[in-house]
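# A closer look at the structure
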Amino acid sequence: DDAFGHTLKDSFESFINERRNKPAELLAKFLDSKLGPCSKKETVKDMEGLIDKVMAIFRFLSSKDVFEAFYQKDLAVRLLLG
């Protein structure tokens, strides 16, 4: 049972990192879109749940620095234009 869980995690990590930087970019853009101006309709509990799910995927990314760069860029645009 423990071996199956470990194999599943390894497989998911391998799968998510196949396309080097793309998953990090898409995850950053998804999170930015959910935290944007339209997020005011969401409750705090819903937002916490969303962030928990994003963090679960983030832990598997090998290119965390790429995620950070894309998220910072998107955040800056959102703050300047929003």
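Note: the structure precedes this text.
A brief structural summary. Per-chain numbering applies: the sequence of each chain, read as written, is numbered from 1 onward. Since the coordinates come from a predicted model, pLDDT governs what is reported: local features require at least 70, and pairs of side-chain atoms require 80 or more to be given and counted, while whole-chain, interface and lining totals use all residues. The basis for the side-chain values is all heavy atoms of the structure; hydrogens and waters are excluded.

### Considering helix α3 (residues 44-58)
Compared with the 21 Å implied by 1.5 Å per residue over 15 residues, the 20 Å span of α3 between its first and last C-alpha is a close match. Relative accessibility thresholds used throughout: buried, under 20% of the residue-type maximum; exposed, over 50%; partly exposed, between the two (1.4 Å probe, protein chains only). The secondary structure listing takes helices from DSSP runs of H or I that are at least 4 residues long and strands from runs of E that are at least 2 residues long, numbered from the N terminus. Inspection of α3 places Met-47, Leu-50, Val-54 and Phe-58 among the buried residues, and these make up the whole buried set. Along the long axis of α3, the arc covered by the buried residues comes to 85°, so they all point the same way. When the buried face of α3 is taken as reference, the exposed residues oriented beyond 90 degrees from it are Lys-45, Asp-52 and Lys-53. By definition in these notes, contact holds between two residues if any of their heavy atoms fall within 4.5 Å. Buried residues along α3 sit in contact with α2 (22-35) and α4 (64-81). Expected span, for any helix, means 1.5 Å times one less than how many residues it has. The directions considered for the arc are those from the helix axis to the C-beta atoms.

### Let's talk about α2
If you check α2, its first and last C-alpha atoms are 20 Å apart, about what 14 residues at 1.5 Å a residue would give, namely 20 Å. Those residues of α2 not exposed but buried are Pro-23, Ala-24, Glu-25, Leu-27, Ala-28, Leu-31 and Asp-32. Its buried side turned inward, α2 meets α1 (2-16), α3 and α4.

### Some points on the nonpolar core
By size, the foremost hydrophobic cluster in this structure holds eleven residues: Ile-16, Ala-24, Leu-27, Ala-28, Leu-31, Val-54, Phe-58, Leu-61, Val-66, Phe-67 and Tyr-71. Secondary structure elements with two or more residues in this core: α2, α3 and α4. If you tally residues by element for this core, the top one is α2, at four residues. The definition of a nonpolar core used throughout is a set of buried Ala, Val, Leu, Ile, Met, Phe, Trp, Tyr and Cys residues joined through side-chain atoms within 4.5 Å.

### Digging into the pattern of salt bridges
Only one rule defines a salt bridge in this text: a Lys or Arg side-chain nitrogen within 4 Å of an Asp or Glu carboxyl oxygen. Applying the stated criterion to the full structure yields four salt bridges. In this structure, Arg-78 and Asp-32 form a salt bridge, with 2.8 Å as the shortest nitrogen-oxygen distance. One end of the pair, Arg-78, is in helix α4; the other, Asp-32, is in helix α2, and 46 residues separate them in sequence. Between Lys-73 and Asp-74 there is a salt bridge; the shortest N-O distance is 3.4 Å. Each of Lys-29, Lys-73 and Asp-74 takes part in salt bridges that share partners, so that together they form one network.

### Some thoughts on the packing of aromatic side chains
Classification of ring pairs rests on two measures: the distance between centres of Phe, Tyr or Trp rings, Trp counted by its six-membered ring, which must be within 6.5 Å, and the angle between planes, read as stacked under 30 degrees, edge-to-face over 60 and tilted in between. Evaluated as defined, the whole model comprises four aromatic pairs. Ring geometry for Phe-12 against Phe-60: centres 4.9 Å apart, planes inclined by 80°, an arrangement best described as edge-to-face. Of this pair, Phe-12 sits in helix α1 while Phe-60 sits in the loop between α3 and α4; the two residues are 48 residues apart in sequence, bridging distant segments of the chain. Ring pairs connect the aromatic residues Phe-12, Phe-15 and Phe-60, which therefore count as one cluster. The criterion for a charge sitting over a ring is simple: Lys NZ or Arg CZ within 6 Å of the ring centre, and within 35 degrees of the ring normal. Across from the ring centre of Phe-58, 5.4 Å away, lies the NZ or CZ of Lys-64, which sits over that ring.

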